[in-house]
Structure formats: structure tokens, C-alpha cells
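Now for the letters of each chain:
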Amino acid sequence: MIELLLPADVSSASTRAETVPDGALFPEEEALIAKSVAKRRNDFATARACARRAMAGLGLPPVAVLHGHRGRPLWPEGIVGTLTHCVGYRAAALARAADVLSLGIDAEPHAPLPTGVRELVALPAERERIGPPAPEGTGEIHWDRILFSAKESVFKTWYPVTGVELDFVQADLTFHRTDGPGSGHGSQGPTAAEGTFAARLLLTDPALPTTLHGRWRVEDDIVATAVLVRPDWRESKGM
């Protein structure tokens, strides 16, 4: 699903598998998770298996993907990339730095946010725009979950360029649905729904535009979001 949100010069790979065969990790990667619980090991390994497939899509040999501060993936020189994992979905997206300045992807289960999380991650204006939480099991779109995922994609795009951590309330997001009629809150959600979003950054940095643009999609009980910034963003807009 993530490939539907990204342009052709970004190589992406995804999987629904929860595990990978033994031996799929490089020794350096194994060392990073030697003492981790099974879920952490599976998340780490499946995401890196996707990363290796995405590397192949760029004509690159497979290499270990280690991590830096707060788990940020460390990519080969000249490559930018991003990983995501949730129950039922893992993905990686990579591009050449000559083509893409930074990008972020995120996947989440399409379900309401846990109690209390909505108030922590959404600005008052955002809560007003997306409306009240949709009841689970009704087929409606869970805009609060899309908001959470989109902010994760924004932050994954922001941090590698600025080196500054961005808080959830430092980006103000507006969503647009593009897959046809019945796009307002409260409409019965189809099998798949998609659209775009704009994230106005309340903390700015000259290395990035003050508004980041992205895309979202809901399909098969998964929310996926993506943000991308081109090196020439001052002269052009969009993905």
C-alpha cells in the first residue's frame, strides 16, 4: 500500500508477515536486539527485510541498517530512507539524496486512538476539523488515527534534516479526501479511502518548508501516510 503514496523515484517495499527466517539479519543488527523481547525483534527484522528489498529497487547491494538517536535508521551514504511497522504491516521507503531531501512513512491499525491519546497529539483546531471519534466497527474513517500517523510521517521527515525533535503539537494538519463523494466526517467508509494533507509547522527551520505535504490511505484495516520533500523545494511544490 505504501507504494501508492510515493513517486516513482522512491523505492518501497512492504510485507504483512510478522516474522522473517532466521539468519535474515546482519550480525551487527543482531547485536542491537540481542536482549530484546520477541515483538521488538520481529518488528526490527521485518522492517529491515523490507529495507533490503527497497535497496535492491535502487540497484544497491544489501547492507546492515543500524540506528542512531531514538532509533533513527542509518542509511548508506547518498541514500535517504524511512521505516515503519505496526501489527499486520511493515514497510520501508528509500531514495537517492540527489532526488529526495527527506521522507517519512508511517503505518497504523485503522482503529480509534487509545483513550487520552487524541488530546495529547491533536491541537484544538485539529480536533474541531476532524470531528468526534468514530465508533469502532461502523465502517467510518478514524480521522484521529490518520492524524496520528500523518504526524509521525511529518516528524520522520523533519528530524533527519534538522536534528531537532518535533512535538505532536508543533504541527497543525489539514486533511483532504480525494477518492470521491461522501468524503466528509461521518460518511460510511469504503474498502479503501485516500487523500492528501498539509502540515503547517509551528516550529520552523530554514532547511525545510514551513508547510509539509503528504498523502494518506486507508485499506484493509491499515492506515498509511507519507511525506516527501525535494531538494529543490524552494522552487517546486508537491511530491
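Summarised in this report is the structure supplied together with it. (Residues numbered from 1 in each chain as written. Predicted model: local features only at pLDDT ≥ 70, side-chain atom pairs only at ≥ 80, totals over all residues. Heavy atoms only, no water.)

**Here we look at the sheet that holds strand β8 (residues 192-201)**
Sheets are built from strands paired through backbone hydrogen bonds, the pairs being either parallel or antiparallel.
Thought 1: With antiparallel pairing, five strands are arranged side by side in an open sheet as β6-β10-β9-β8-β7. Edge positions in the sheet fall to β6 (102-109) and β7 (171-177), since each of these pairs with one other strand and no more. The mean angle between the axes of side-by-side strands here comes to 20°, regardless of whether they run parallel or antiparallel.
Thought 2: Relative to strand β10 (residues 222-229), strand β9 (residues 211-219) is paired through six bridges, and the arrangement is antiparallel. Across the sheet, Arg 215 pairs through a bridge with Ala 226, a residue of β10.
Thought 3: Sitting on the sheet, helix α5 (residues 143-162) is in contact with β6, β7, β8, β9 and β10, with an inclination near 150° to β6. (Pairing = 2+ DSSP bridges. Helix = DSSP H or I, 4+ residues; strand = E, 2+ residues; numbered from the N terminus. Axes fitted to C-alpha atoms, helices over the stretch in contact; angles between N-to-C directions. Contact = heavy atoms within 4.5 Å.)

**A few points about the pairing of β8**
Thought 1: Only one face of β8 is covered, namely the one carrying Ala 193, Gly 195, Phe 197, Ala 199 and Leu 201; the face carrying Ala 192, Glu 194, Thr 196, Ala 198 and Arg 200 has none of its residues buried.
Thought 2: Note: β7 against β8, seven bridges, orientation antiparallel. Bridged to Thr 174 within β8 is Ala 198.
Thought 3: Relative to β9, β8 is paired through nine bridges, and the arrangement is antiparallel. Within β9, the residue paired with Ala 199 across the bridge is Leu 212. (Buried < 20%, exposed > 50% of the residue type's maximum accessible area, 1.4 Å probe, protein only.)

**Looking at the sheet that holds strand β1 (residues 11-15)**
Thought 1: Spatial strand order, β1-β5-β4: three strands in an open sheet with antiparallel pairing. One side of each edge strand has no neighbouring strand; the edge strands of this open sheet are β1 and β4 (79-86). In this sheet, adjacent strand axes meet at a mean angle of 10° when their direction is disregarded.
Thought 2: Both β4 and strand β5 (residues 89-96) contribute to a ladder of eight bridges, which runs antiparallel. Looking at β5, one finds that His 85 is bridged to Arg 90.

**Here we look at α5**
Thought 1: Its 20 residues place the ends of α5 28 Å apart at the C-alpha level, agreeing with the 28 Å of an ideal helix rising 1.5 Å per residue.
Thought 2: Extensive coverage of α5 is indicated by the burial of 16 of its 20 residues.
Thought 3: At the exit of α5 stands Gly 163, carrying a positive phi of roughly 70°. (Expected span 1.5 Å × (residues − 1).)

**Focus: the nonpolar core**
Thought 1: By size, the foremost hydrophobic cluster in this structure holds 27 residues, and its most contacted members are Ile 146, Val 154, Leu 173, Phe 175, Phe 197 and Trp 216.
Thought 2: Looking at this core, the elements that each hand over two or more residues are α5, β7, β8, β9 and β10.
Thought 3: It is α5 that provides the largest number of residues to this core, a total of eight residues.
Thought 4: Apart from residues lying up to four places away in sequence, Val 154 is in contact with Leu 166, Phe 197, Ala 199, Leu 201, Leu 212 and Val 227.
Thought 5: Of all hydrophobic cores here, the second largest spans 19 residues; its members include Ile 2, Ala 95, Ile 105 and Ala 226. (Core = buried A, V, L, I, M, F, W, Y, C linked by side-chain atoms within 4.5 Å.)

**Digging into helix α2 (residues 38-57)**
Thought 1: With 20 residues, α2 extends 29 Å between its outermost C-alpha atoms, agreeing within 8% with the 28 Å of an ideal straight helix rising 1.5 Å per residue.
Thought 2: Contact partners of the buried residues in α2: β1, α1 (27-32), β2 (66-67), β4 and β5.
Thought 3: Phi turns positive one or two residues past the end of α2, at Gly 59, with a value near 75°.

**Regarding the state of the cysteines**
Thought 1: Throughout the structure, instances matching the rule amount to zero disulfides.
Thought 2: In this model Cys 50 remains outside any disulfide bridge; the closest cysteine sulfur is found in Cys 86, 11 Å from its own.
Thought 3: Residue Cys 50 is classed as buried on the basis of its relative accessible area, which comes to 1%. (Disulfide = S-S within 2.5 Å.)

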